[in-house]
Amino acid sequence: MQEQQKLMVEFDDFSKVLIRMLNSCIKEPNTHLAIMVMQEDDGMARLDFIKNMEYKFVELLTCEFQRSEEELVRQHIAYRYNSLKSRMALMQARLADVNAMVKAKNPSLLLQLKKPASSSGAGPRRGSAH
């Protein structure tokens, strides 16, 4: 597969290379470009990573994509939603446990933690010019 795709990196390292390319586009937008061309008729798309070498543009990597079936996309969205929902329930339960422990050990601390942030001295400063 590596020879067929003309890859100069091992397949196991491909995700790291892709992340590095995306980060380069974010951090160095003047020299690194990511261009995605989507075809509406056949559901295909191509993502090109290009580097501006001042005197020429060099194509670093091309990734081809194919649109997934709508049902598959729905399944992925439902899975991610349910996963986040269960993580949030676990975090809320953990927060309730911590609140109960703090309430038992130091009730005044719990009251201070529950105060809104605006009442913690975030008002106007003295001596500031209006």
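Everything here concerns the structure above.
For clarity, every value in this text was computed on a predicted model and none was experimentally measured.

Visitor: So what about the nonpolar core? Which residues, and what values?
Guide: Judged by nonpolar contacts, Val17, Met21, Cys25, Leu47, Phe49, Leu61 and Cys63 together constitute the single largest core of seven residues. Of all the secondary structure elements, the ones that give two or more residues to this core are helix H2 (14-27), strand S2 (44-52) and strand S3 (57-66). No other element matches the three residues that H2 contributes to this core. In this view, leucine 47 contacts Ala34, Ile35, Met36, Leu61, Thr62, Cys63 and Phe65; residues no more than four positions away in its chain are not counted.

Visitor: So what's going on with the pairing of S3? Which residues, and what values?
Guide: Regular strands have side chains that alternate between both faces of the sheet. Bridge count for S2 against S3 is nine bridges, and the pairing is antiparallel. When the sheet's bridge partners are listed, arginine 46 is paired in S3 with glutamate 64. Linking S2 back to S3 in an antiparallel pair, the connection comprises four residues, with glutamate 54 at a positive phi of about 70°.

Visitor: Let's hear about the pattern of salt bridges: which residues, and what values?
Guide: Between side chains of opposite charge, pairing is possible as soon as their charged atoms come close. Scanning the entire structure with this criterion turns up two salt bridges. Between arginine 46 and aspartate 48 there is a salt bridge, with its nearest N and O atoms 2.7 Å apart. Assessed through its relative accessible area of 37%, arginine 46 is described here as partly exposed. In this structure aspartate 48 comes out as buried when scored by relative accessible area, which is 4%. Here glutamate 70 ties to arginine 74 by a salt bridge, and the two come within 2.9 Å at their closest N and O atoms. With glutamate 70 and arginine 74 both in helix H3 (residues 70-105) and four residues apart, this pair spans about one turn of that helix.

What counts as what
Residues numbered from 1 in each chain as written. Predicted model: local features only at pLDDT ≥ 70, side-chain atom pairs only at ≥ 80, totals over all residues. Heavy atoms only, no water. Core = buried A, V, L, I, M, F, W, Y, C linked by side-chain atoms within 4.5 Å. Buried < 20%, exposed > 50% of the residue type's maximum accessible area, 1.4 Å probe, protein only. Helix = DSSP H or I, 4+ residues; strand = E, 2+ residues; numbered from the N terminus. Contact = heavy atoms within 4.5 Å. Pairing = 2+ DSSP bridges. Salt bridge = Lys/Arg side-chain N within 4 Å of Asp/Glu carboxyl O.

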